[in-house]
Amino acid sequence: NFHLVLFLRLAEIVEILPRFLMTNATNIKKILLADDDFVSLNLINRIALTIPGITTVMAKDGKMAYDLMSINHFGVGIFDYQMPEMDGIELLQKVGTLKPNMAVILCTANGDQTTIRKALEYGAFDFFEKPIQADIIKYTIELALEFKHVPKIKKQFDIKSRLENFPELHVDKTTETLFDRLGDS
């Protein structure tokens, strides 16, 4: 009798699992948070949960975040730049191959221009510095959920390099400066 109940329960789970995975795959309002600083992690979590419809999953380091990404779908990831086992940049690179539709926001306590540029080059949606400002983080999360594909599209559609393939077109200095500024942003 116990085996029959167990069998029926397993059959029920197997029937529900594909539907769960499909709804989970389309849930773009699921956010993965990774930070080795428990205070920052909880603060970002509390801020994210003020956005209607958001669910969050927290990881204590980059390795744990990567493992969670391997088995779940997330619309946005917010990762600390410096973490044990796997830092935010390494995690960002893995997102690019494992979850190309996931927007990543990096944060750090000590971000210089080189760090920020590196993060953006690897495809980060945005980058913010600690101490955490609730209104900025909330706004950035909302933007990432809405426009997470913009950095990827921008990278694929580099107008300046495409125009260089057509030497017969003349690009004036003003237009070239505009392209340079777009490329730096």
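No experiment lies behind these values; they were computed from the predicted model shown.

Chemist: Sorry, what's going on with the sheet that holds strand S5 (residues 126–129) here?
Modeler: Strand pairing in a sheet relies on backbone hydrogen bonds, with the paired strands running either antiparallel or parallel. Read across the sheet, 5 strands follow the order S2-S1-S3-S4-S5 without closing on themselves; strand pairing throughout is parallel. The sheet is open, and its two edges are formed by strand S2 (55–59) and S5, each paired on a single side. When the angles between neighbouring strand axes are averaged without regard to direction, this sheet yields 20°. Pairing of strand S1 (residues 30–34) with S2, which is carried by 5 bridges, proceeds in the parallel orientation. Of the residues in S2, the one forming a bridge with Ala34 is Ala59. Sheet strands touched by helix H3 (residues 62–71): S1 and S2. Its angle to S2, the strand with the most contacts, is close to 135°. Running over the sheet, helix H4 (residues 88–98) touches S1, strand S3 (76–80) and strand S4 (103–108) and is turned about 175° from S4.

Chemist: For this particular structure, what's the right way to read the pairing of S4?
Modeler: On a regular strand, each side chain points to the face opposite its neighbour's, so the side chains alternate between the two faces of the sheet. For S4, the tally of buried residues reaches 6 of 6 residues, placing the bulk of the element in the interior. Residues of S4 alternate between two faces, with Ala103, Ile105 and Cys107 on one and Val104, Leu106 and Thr108 on the opposite face, all of them buried. As paired elements, S3 and S4 share 5 bridges and run parallel to each other. Its bridge partner being in S4, Ile78 is matched across the sheet by Ile105. What joins S3 to S4 is H4, and the crossover it makes is right-handed.

Chemist: Just checking my understanding: could you explain the pattern of salt bridges for this structure?
Modeler: Working definition: two side chains of opposite charge can pair if their charged atoms are close together. Evaluation of the coordinates by the stated rule reveals 3 salt bridges. The shortest N-O distance in the salt bridge between Lys130 and Asp35 comes to 2.8 Å. With Lys130 in the loop between S5 and helix H6 (134–147) and Asp35 in the loop between S1 and helix H2 (38–48), this pair connects stretches of sequence that are 95 residues apart. We note a salt bridge from Lys63 to Asp67, for which the minimum N-O separation is 3.0 Å. Here the residue Lys63 and the residue Asp67 both occupy positions in helix H3, the gap between them amounting to 4 residues, near one helical turn. Among the residues examined, Asp67 registers a relative accessible area of 36% and is labelled partly exposed. Through salt bridges that share partners, Asp35, Asp80 and Lys130 make up one connected network.

Chemist: What's the story with unusual backbone geometry in this structure? I'm lost.
Modeler: Apart from glycine, the bulk of residues carry a negative phi angle, and the bulk of peptide bonds sit in the trans form. Following Lys130, the chain continues into Pro131 via a peptide bond in cis, with omega recorded as 10°. Topologically, Pro131 is positioned in the loop between S5 and H6. Backbone geometry at Glu85 places phi at a positive 75°, although glycine is not the residue there. Within the secondary structure layout, Glu85 lies in the loop between S3 and H4.

How each quantity is defined
- Residues numbered from 1 in each chain as written.
- Predicted model: local features only at pLDDT ≥ 70, side-chain atom pairs only at ≥ 80, totals over all residues.
- Heavy atoms only, no water.
- Pairing = 2+ DSSP bridges.
- Helix = DSSP H or I, 4+ residues; strand = E, 2+ residues; numbered from the N terminus.
- Axes fitted to C-alpha atoms, helices over the stretch in contact; angles between N-to-C directions.
- Contact = heavy atoms within 4.5 Å.
- Buried < 20%, exposed > 50% of the residue type's maximum accessible area, 1.4 Å probe, protein only.
- Right-handed = clockwise from strand over helix to strand, strands pointing away.
- Salt bridge = Lys/Arg side-chain N within 4 Å of Asp/Glu carboxyl O.

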